[in-house]
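Given next are the chains, with one letter for each unit.
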Amino acid sequence: MLTFSAGPSKVYDSMPQYLQDAYEAGILSANHRSAAFMNLYREVHQLFCEKLHMPEEYSLLFTSSATENWEIITQSIVESASYHIYSGSFGKKWINFAQHINPETEGLKIEADQAIDVANLNIAEKFDLIAITQNETSNATQVPMEVLEEIQDKYPEKLIAVDTTSSMGGIALNFNLGDIWYASVQKCFGMPAGLGVLILSPRAVEQTERKGEKGRYNSLNFMLENARSFQTHYTPNVLGIYLLKRVLQDIPEIQHISSRLNDRMHQLEQCIIQTSSLRLLVSNSETRSKTVLGVTGTESLISEVKKAAEEAGMQLGSGYGPLKPTSFRIANFPAITDEEMDKLMSFLKNY
Ligand SMILES: *Cc1c(COP(=O)(O)O)cnc(C)c1O
């Protein structure tokens, strides 16, 4: 079954080969204090710079998931409180985790079709970090890089944390526009779940050190201390890190992936617009995601399309939360080939 689910999503077709190679190379039993592991970590850092254009001076850390990063950010980086701007379920979960740790956390909920009105934002002095879900997988929306730039220009003294769980590895991110970037590998990296990445600017590292939070298993200072020598503070998902290296080695530079996904998203949108009964979930093209397309229709139609797709060997992603009965989602992730997307479009165009 070919899956178009937005996570866990289709893995790269080369995954079985990488797994076999990992076994043969002894990666499955590699010690995380060994030179082999330290080299692996260093190579992945280098590949993030080469392929995804992460600035050299940014730190790359391995965590277990995006969800863990929500806690780490409030626990170890936020000094006074964070301010969250969000429209969907993942952004809401993030603010809820943050509020649980720090009741001073506040936020602004916007609609899926609503662009962030930066000129009229009014974020109080006491908030030292702005939290943005760049690609909101649940309602298939995005915050474009230009909007992040406006936010940074308006609030240069605040840190900006960006959830790119379902866009990193798929679209070109300008890491200079934020201080904290994170993702999980089971989305645009086309890998099995079980590994998160957390990327920090020097300014975010400085603030973490100043805060000096310590003592928990995922206290960021503890993680950073180990990362300085390309080690981790506990036995990490070495296989996941190895697979990430192989994926990064084999993909083209991000601007090429990004333009391929943009073209493909455009075709997919046109396909839905031309159907007689399906509609785009997000009508504002500015806030519509480039990596996840939401499609809406009547409840009976949506269940009919999903069922017929399965019979044709394709699994569509369900709508998320309240949108479940009246929508489905299509992952436009890089591991899905153009032929596979063509097959889906020829199926969908009949509705
Ligand atoms: C999937 C997702 C998460 C959660 O990722 P986990 O790996 O399950 O922790 C968080 N934010 C966004 C935007 C996501 O798409």
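Basis of the calculations
Residues numbered from 1 in each chain as written. Predicted model: local features only at pLDDT ≥ 70, side-chain atom pairs only at ≥ 80, totals over all residues. Heavy atoms only, no water. UniProt positions renumbered as here; feature names shortened; annotations may be inferred. Buried < 20%, exposed > 50% of the residue type's maximum accessible area, 1.4 Å probe, protein only. Helix = DSSP H or I, 4+ residues; strand = E, 2+ residues; numbered from the N terminus. Contact = heavy atoms within 4.5 Å. Phe/Tyr/Trp six-rings, centres within 6.5 Å; stacked < 30°, edge-to-face > 60°. Domains from an automatic or database assignment. Buried area = accessible area lost by both parts, 1.4 Å probe. Salt bridge = Lys/Arg side-chain N within 4 Å of Asp/Glu carboxyl O. Polar contact = N/O pair within 3.5 Å; in protein donor to acceptor, adjacent residues only side chain to side chain. Nonpolar A, V, L, I, M, F, W, Y, C, P; charged D, E, K, R; others polar.

By the naming in an unreviewed UniProt entry, the chain goes by phosphoserine transaminase and is assigned to Algoriphagus formosus. What UniProt states about the chain under its Cofactor (unreviewed entry) heading is, verbatim, "pyridoxal 5'-phosphate". Entered under Pathway (unreviewed entry) in the UniProt record, the comment concerning the chain runs "Amino-acid biosynthesis; L-serine biosynthesis; L-serine from 3-phospho-D-glycerate: step 2/3."

**Student:** So what exactly am I meant to see when it comes to helix 7 (residues 220-227) here?
**Tutor:** Among the eight residues in helix 7, six count as buried, and that is most of the element. Burial in helix 7 covers these residues: Leu220, Asn221, Met223, Leu224, Asn226 and Ala227. In the core, the buried residues of helix 7 are packed alongside helix 2 (35-52), strand 2 (59-63), helix 3 (66-77), strand 10 (196-200) and helix 6 (202-211).

**Student:** Quick question: what am I supposed to make of the packing of aromatic side chains here?
**Tutor:** Two descriptors summarise a pair of aromatic rings, namely the distance from one centre to the other and the angle between the planes of the rings. As enumerated under the stated definition, the model contains eleven aromatic pairs in all. Between Tyr217 and Tyr234, the ring centres sit 6.1 Å apart and the planes meet at 40 degrees, which makes this aromatic pair tilted. Here Tyr217, found in the loop between helix 6 and helix 7, pairs with Tyr234, found in the loop between helix 7 and helix 8 (238-250); they are 17 residues apart in sequence, far enough to count as distant. A residue is classified by how much of its surface remains accessible, and Tyr234, at 30% relative accessible area, is partly exposed.

**Student:** Is there a simple way to think about the environment of Gly107 in this case?
**Tutor:** Relative to the helices and strands, Gly107 is located in strand 4 (residues 106-109). Judged by relative accessible area, which is 36%, Gly107 ranks as partly exposed. Excluding anything up to four places from it in sequence, Gly107 contacts Tyr83, His84 and Ile95.

**Student:** Would you mind going over the domain arrangement of the chain with me for this structure?
**Tutor:** As a measure of interface size, the accessible area lost when the parts come together is often cited. According to the domain assignment, the chain contains domain 1 (2-8 + 253-348) and domain 2 (15-250). Placing the centre of domain 1 and that of domain 2 at their C-alpha centroids yields a distance of 26 Å. For the pair domain 1 and domain 2, the summed buried surface comes to about 2,300 Å²; carbon and sulfur atoms form 59% of the total. When the area that domain 1 buries against domain 2 is broken down by residue, the three leading residues are Ile254, Thr287 and Tyr320, summing to 28%. Between domain 1 and domain 2 we count zero salt bridges in total. Scanning the region where domain 1 abuts domain 2 turns up 13 residue pairs in polar contact (both at pLDDT 80 or more). With five residues, the top contributor of residues to the side of domain 1 that touches domain 2 is helix 9 (residues 254-273). Its residues assigned to classes, the side of domain 1 that touches domain 2 comprises 14 nonpolar, nine polar and five charged.

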